[in-house]
Amino acid sequence: MNKKAETFKNYLEKNKIKSFNIDEIAGDALNSVVFRSNIEINGQQLPTIVVLDSSIYGMVRVLVAPRVLNENNEAELLKELNRLNKSYKSFKYYFDDNGSLVLDCCILFKEDSDGELIYTMFDVIIRHLNSEYKKLMQLIWK
């Protein structure tokens with residue numbers, strides 16, 4: 001396990017946070033470790049991962065809505081996501097190749113991971129999604 005992942009794992013254990021499954025990616029050149037969990041937003045469980053590897057980066061990724069992009073909602077959704085992406089420096093929205101709405105938060109590390117910083121970003125993401133999720137869903141299901 002890489003050093004950042006080990007530090008985050010120790011942070012979770014120290015703080016008795018048991019909501020993550022941990023997967024080391026075998027044969028990965030950057031020694032990636034994926035911490036899988038869910039966050040609850042408006043009664044919905046959104047799959048969430050933290051990816052920590054040997055680079056200076058860490059990633060928190062939330063699957064906001066699977067396979068939702070279509071001709072009817074594309075223009076308004078892209079306009080809204082552009083507004084959100086301009087407003088928030090710490091994370092960005094995009095649609096993956098399957099039309100799923102994803103939120104990514106990239107974290108830069110000087111040396112070791114900081115479990116508290118990662119967990120703080122979860123708090124920022126959850127507060128943001130609690131504020132914006134309903135509007136996004138309204139645009140998606142128009």
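Everything here concerns the structure above.
Basis of the calculations
- Residues numbered from 1 in each chain as written.
- Predicted model: local features only at pLDDT ≥ 70, side-chain atom pairs only at ≥ 80, totals over all residues.
- Heavy atoms only, no water.
- Helix = DSSP H or I, 4+ residues; strand = E, 2+ residues; numbered from the N terminus.
- Rg over C-alpha atoms; globule rule 2.2 N^0.38 Å.
- Buried < 20%, exposed > 50% of the residue type's maximum accessible area, 1.4 Å probe, protein only.
- Contact = heavy atoms within 4.5 Å.
- Areas by Shrake-Rupley, 256 points an atom, 1.4 Å probe, with all protein chains shown as cover.
- Lys, Arg positive; Asp, Glu negative; His and termini not counted.
- Charge placed at Lys NZ, Arg CZ, Asp CG, Glu CD.
- Expected span 1.5 Å × (residues − 1).
- Arc of directions from axis to C-beta.
- Pairing = 2+ DSSP bridges.
- Axes fitted to C-alpha atoms, helices over the stretch in contact; angles between N-to-C directions.
- Phe/Tyr/Trp six-rings, centres within 6.5 Å; stacked < 30°, edge-to-face > 60°.

A. Spatial organisation of the overall build of the chain. Looking only at helices and strands, the chain has three helices and six strands in total. Listed by position from the N terminus, the elements making up the chain come as α-β-β-β-β-α-β-β-α. The C-alpha atoms of the chain give a radius of gyration of 16 Å, which matches the 14 Å a tight globule of 142 residues would have. Projected onto the principal axes, the alpha-carbon positions of the chain cover approximately 45 × 30 × 25 Å. When burial is assessed residue by residue, the chain has 41% of its 142 residues classed as buried. Nonlocal contacts in the chain, meaning residues at least 24 apart in sequence, comprise 57% of its contacts between residues at least 6 apart. Approximately 8500 Å² of the chain is accessible, and the part contributed by carbon and sulfur atoms is 48%. Within the chain, one finds 19 positive and 20 negative side-chain charges whose respective centroids are separated by 6 Å.

B. Quick peek at helix α2 (residues 74–87). The terminal C-alpha atoms of α2 lie 20 Å apart, and with 14 residues this matches the ideal 20 Å at 1.5 Å per residue to within 8%. Listing the buried residues of α2 in full gives Leu77, Glu80, Leu81, Leu84 and Asn85. When α2 is viewed along its axis, its buried side chains cluster within an angular range of 135 degrees and face the same direction. More than 90 degrees from the buried face of α2, the exposed residues found are Ala75, Lys79 and Lys86.

C. Geometry of the sheet that holds strand β2 (residues 33–41). Here we have six strands laid out as an open sheet, ordered β1-β2-β3-β4-β6-β5, and antiparallel in their pairing. Of all strands in the sheet, those bounded by a partner on one side alone are β1 (21–24) and β5 (92–95). For this sheet the average axis-to-axis angle between neighbouring strands, irrespective of direction, equals 25 degrees. In this structure, β5 lies alongside strand β6 (residues 101–108), joined through four bridges in antiparallel fashion. Bridge pairing in β6 places Phe95 opposite Leu101. Along the sheet, helix α1 (residues 3–14) makes contact with β1, β2, β3 (44–52) and β4 (57–65), crossing β2 at roughly 45 degrees.

D. Here's a closer look at the packing of aromatic side chains. What the rule picks out here adds up to eight aromatic pairs. Seen in terms of ring centroids, Tyr119 and Phe122 are 5.8 Å apart; in terms of plane orientation they differ by 45 degrees. Their pairing is tilted. Of this pair, Tyr119 and Phe122 both sit in helix α3 (residues 115–140), separated by three residues, roughly a single helical turn. These aromatic residues form a ring-pair network of at least three members: Phe8, Tyr11, Phe20, Phe35, Tyr119 and Phe122.

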